[in-house]
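Listed here are the chains, written in short residue letters.
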Amino acid sequence: MVREKIVIIDFGSQFTQLIARKVRELGVYSEIINFKKVKNLTKNKFIKGIILSGGPLTVTNKKTAKLDTSIINLKIPILGICYGHQILSKNLGGKVKSSKKREFGRAVLKCTSKSTITKNFFKKKTNLVWMSHQDIVTKIPEGFKKIASSANSKFAIISNENKKYYGIQFHPEVSHTRNGKVLIKNFLFDVCKIKHLWNSKKQKEILISKLKKQTGNNKVICALSGGVDSSVVALLLQKAIKKNLTCIFINTGLLRKNEEKEVIKTFRKKFKIKLVYINASKLFLKKLRGISNPEKKRKIIGKLFIYLFEKYAKKIKKIKFLAQGTLYPDVIESKSVTGSPSSKIKSHHNVGGLPKKMKLSLIEPLRELFKDEVRKLGVQLSLSKAILHRHPFPGPGLAIRILGKVTKEKVEILKNADLIFMNELIKSNYYNKIWQAYAALLPVRTVGVMGDSRTYEYTCLLRAVTSEDGMTADFFNFNRTFLQKISNKIVNSVEGINRVVYDITSKPPGTIELE
Ligand code: XMP
């Protein structure tokens, strides 16, 4: 059992989970606590260090400037990042001001002094880092020294080596900061002296034992889509509570072509899981009729899923829990995980799209994890490569890839185009190089010419992105011949489409899905 841990105090940053993820990648267990819940953090020999996250708050406001004194009283190493750096400085006697010169994006950092935390971090005393702040520390607390500065942050890294307190104005947890992980590594192993004991096998064991405790002797239904996330949840539950588990697979009619057959075969035959299949295609289409607003679509779908799960839970009787494969990016874009302040991008069907009142209690063992971490768990659970490396597919499915109103005719058109795209990606060995790819149907028709006749049909948009975790993404650079081939194939074989376009937007400013 892994006991030693790092506590991450979340002040509402979009990146808090990235900090946790970097800590896990370095082989260390961490727990995130919402800053509002940090009262009387008690001394515990297993807490080896504290990381204070960034956040949208400002230390210049008296109400949000106070750090709970129990954090300092623990007398263990502290690393403050961005807002965490400012609140730490302020509470130890330093000064923080709102600056006229904001720093967003890349900044050049210059090293002015040595520190344990910057070992192997700088290249020739400089480094490129990623900043996102308006406030700056203008006076450092007693006992601290300046380690590095940027053009607009004199105190971009500060340290008190005796007390083992460190403040960093930039974000070492994001990939745009060069060597950011090295800073975190130095903090964990050279400053906190924590042991390297965490891996996906331990994570699997902890998740199974938590699930056992959480569910007791109660019955659970698991929402299974056949993607890697819900498959991992189903297999974890099978190990934790086998006889009390029933998986439910809902065919929304908005799945990829023939997907339902594959899922049923895999889970009933290979994993011998109790699986109920519900074909609700007609119901989904009926409820979505005439709706073109993306958030409305998401909410309708979220509610329908829950309606169906609750309806079937009643049939099975005495079901208390609904388990689902919610991941961290679903949560952060719908709302903050720990309840700290952060802004909503879209309502993922399994989080923000859920109805307010639910009879079943939710179980979401992967809620704080990222896709690639879930894939590693999947390896521990013997999931097949085909499922492990399957591109993510959103719960609302083709409904959020048919822009505007969803109709049966459009679903059919899109299923056919998407199948061609997927098959060609696999044939051309592109599939595994891409994080996620799909075809979408735009709500515009354009004029074309085929043979000698005029056509007036829909436009198909192709999207393929590379990503590490779904939080940021870039478009995939296909060669021109491949794009030409796909465009040709789709227009020639899918009735209803006469034009194909390729989306070259990254995330941000776009998102991976179009709605
Ligand atoms: P976005 O579009 O927010 O997508 O950049 C990030 C990742 O999340 C998936 N996604 C969803 N998954 N329910 C899901 O299960 C949803 O409502 C949902 N919306 C987006 C998306 O496919 C991408 O992998």
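Keep in mind it's a predicted model, so treat the numbers as computed, not measured.

## Section: the overall build of the protein chain
In step 1: In terms of helices and strands, the protein chain carries 14 helices and 18 strands.
In step 2: Taken over C-alpha atoms, the radius of gyration comes to 25 Å for the protein chain, in line with the 24 Å a tight globule of 515 residues would show.
In step 3: Structurally, the protein chain occupies a C-alpha span of about 80 × 60 × 40 Å along its principal axes.
In step 4: At a minimum sequence separation of 6, the contacts of the protein chain that also span at least 24 residues come to 75%.
In step 5: Accessible surface, the protein chain as shown: approximately 23,800 Å² in total, 52% of it carbon and sulfur.
In step 6: Here the protein chain contributes 100 positive and 37 negative side-chain charges, whose respective centroids are spaced 6 Å apart.

## Details of the site of the ligand
In step 1: Around the ligand, 18 residues are found, and the nearest of them are Glu333, Lys346, His349, Lys507 and Glu513.
In step 2: Within the side chain of arginine 298, an N or O atom sits 2.8 Å from an oxygen atom of the ligand.
In step 3: Taking histidine 348, its side chain carries an N or O atom lying 3.5 Å from a nitrogen atom of the ligand.
In step 4: When the ligand sits alone it has 490 Å² of accessible area, and the protein chains cover 93% of it.
In step 5: Per-class residue counts for the shell around the ligand are 5 nonpolar, 7 polar and 6 charged.
In step 6: Here the shell around the ligand spans two domains, since at least three of its residues come from each of domain 2 (200–388) and domain 3 (401–502).

## Thoughts on the pattern of salt bridges
In step 1: The full count for this structure, using the stated rule, is 18 salt bridges.
In step 2: With its nearest N and O atoms 4.0 Å apart, the salt bridge here joins glutamate 4 to lysine 48. Of this pair, glutamate 4 sits in the segment before strand 1 (5–10) while lysine 48 sits in strand 3 (residues 47–52), and the two are 44 residues apart along the sequence.
In step 3: Assessed through its relative accessible area of 12%, glutamate 4 is described here as buried.
In step 4: The salt bridge partner of glutamate 364 is arginine 367, with a shortest N-O separation of 2.7 Å.
In step 5: Classification of glutamate 364 by relative accessible area gives buried; the value is 15%.
In step 6: Bridged by salt links that share partners, the residues Arg21, Glu25, Lys181 and Asp372 form one connected network.

## Considering the packing of helix 13 (residues 408–427) against helix 14 (residues 480–493)
In step 1: At a minimum axis distance of 10 Å, the contact between helix 13 and helix 14 shows a crossing angle of 145°. As for the relative orientation of helix 13 and helix 14, their crossing is right-handed in sense. Along the contact surface, helix 13 presents Ala417, Ile420, Phe421, Glu424, Leu425 and Lys427, while helix 14 presents Phe482, Lys485, Ile486, Lys489, Ile490 and Ser493.
In step 2: Here the contact of helix 13 with helix 14 is built from residues that sort into 7 nonpolar, 1 polar and 4 charged.

## A short note on the sheet that holds strand 13 (residues 319–323)
Strand pairs in the sheet, formed through backbone hydrogen bonds, run parallel or antiparallel to each other.
In step 1: What the 5 strands build is an open sheet, ordered 12-11-10-13-14; its pairing is parallel. Sheet topology places strand 12 (275–279) and strand 14 (361–363) at the edges, where each strand pairs with a single neighbour. Pairwise comparison of adjacent strand axes, ignoring direction, gives a mean angle of 30° for this sheet.
In step 2: By the bridge criterion, 4 bridges tie strand 10 (residues 219–223) to strand 13 in an arrangement that is parallel. What sits directly across from cysteine 222, in strand 13, is alanine 323.
In step 3: Packing against the sheet, helix 6 (residues 228–241) makes contact with strand 10, strand 11 (245–251) and strand 13, and its axis sits at approximately 160° to strand 10.
In step 4: Most of the contacts of helix 7 (residues 259–270) go to strand 12, to which it runs at about 165°, and overall it touches strand 11 and strand 12.

## Points about the pairing of strand 8 (residues 157–160)
In step 1: Going residue by residue along strand 8, you find Ile157 and Ser159 tucked away on one face and Ile158 and Asn160 tucked away on the opposite face as well.
In step 2: Pairing analysis gives 3 bridges linking strand 7 (residues 145–149) to strand 8, with the strands arranged antiparallel. In the strand pairing of strand 8, lysine 145 is matched with serine 159.
In step 3: Where strand 8 lies against strand 9 (residues 165–168), 4 bridges are found, and the strand directions are antiparallel. Counterpart to asparagine 160 in the pairing with strand 9 is tyrosine 165.
In step 4: Taking the residues between adjacent antiparallel strands as the criterion, strand 8 and strand 9 are bridged by 4 residues, where lysine 164 takes a positive phi near 65°.

## Overview of the side chain of histidine 133
In step 1: With respect to the element layout, histidine 133 can be found in strand 6 (residues 126–139).
In step 2: Given a relative accessible area of 4%, histidine 133 falls into the buried group.
In step 3: Side-chain polar atoms of histidine 133 contact the backbone oxygen of aspartate 135, separated by 2.7 Å.
In step 4: Of note is the side chain of histidine 133, whose polar atom sits 3.2 Å from the side chain of serine 153.
In step 5: With near-sequence residues (within four places) excluded, histidine 133 lies in contact with Cys82, Gln86, Arg102, Glu103, Phe104, Ser153 and Gln169.

## Brief notes about the sheet that holds strand 1
In step 1: On the basis of which strands lie adjacent, the open sheet formed by 9 strands has the order 2-1-3-4-9-8-7-5-6 and mixed pairing. Looking at which strands have only one partner, the edges of the open sheet turn out to be strand 2 (30–34) and strand 6. On average, each strand axis in the sheet is tilted by 20° relative to the strand beside it, whichever way the strands run.
In step 2: Sheet strands in contact with helix 1 (residues 16–25) are strand 1, strand 2, strand 3 and strand 4 (78–81), and its direction is about 165° off that of strand 2.
In step 3: Packing against the sheet, helix 3 (residues 83–91) makes contact with strand 3, strand 4, strand 5 (95–111), strand 6, strand 8 and strand 9, and its axis sits at approximately 120° to strand 4.

How each quantity is defined
Residues numbered from 1 in each chain as written. Predicted model: local features only at pLDDT ≥ 70, side-chain atom pairs only at ≥ 80, totals over all residues. Heavy atoms only, no water. Helix = DSSP H or I, 4+ residues; strand = E, 2+ residues; numbered from the N terminus. Rg over C-alpha atoms; globule rule 2.2 N^0.38 Å. Contact = heavy atoms within 4.5 Å. Areas by Shrake-Rupley, 256 points an atom, 1.4 Å probe, with all protein chains shown as cover. Lys, Arg positive; Asp, Glu negative; His and termini not counted. Charge placed at Lys NZ, Arg CZ, Asp CG, Glu CD. Near = heavy atom within 4 Å. Polar contact = N/O pair within 3.5 Å; in protein donor to acceptor, adjacent residues only side chain to side chain. Nonpolar A, V, L, I, M, F, W, Y, C, P; charged D, E, K, R; others polar. Domains from an automatic or database assignment. Salt bridge = Lys/Arg side-chain N within 4 Å of Asp/Glu carboxyl O. Buried < 20%, exposed > 50% of the residue type's maximum accessible area, 1.4 Å probe, protein only. Axes fitted to C-alpha atoms, helices over the stretch in contact; angles between N-to-C directions. Left-handed = near helix turned anticlockwise from the far one by under 90°. Pairing = 2+ DSSP bridges.

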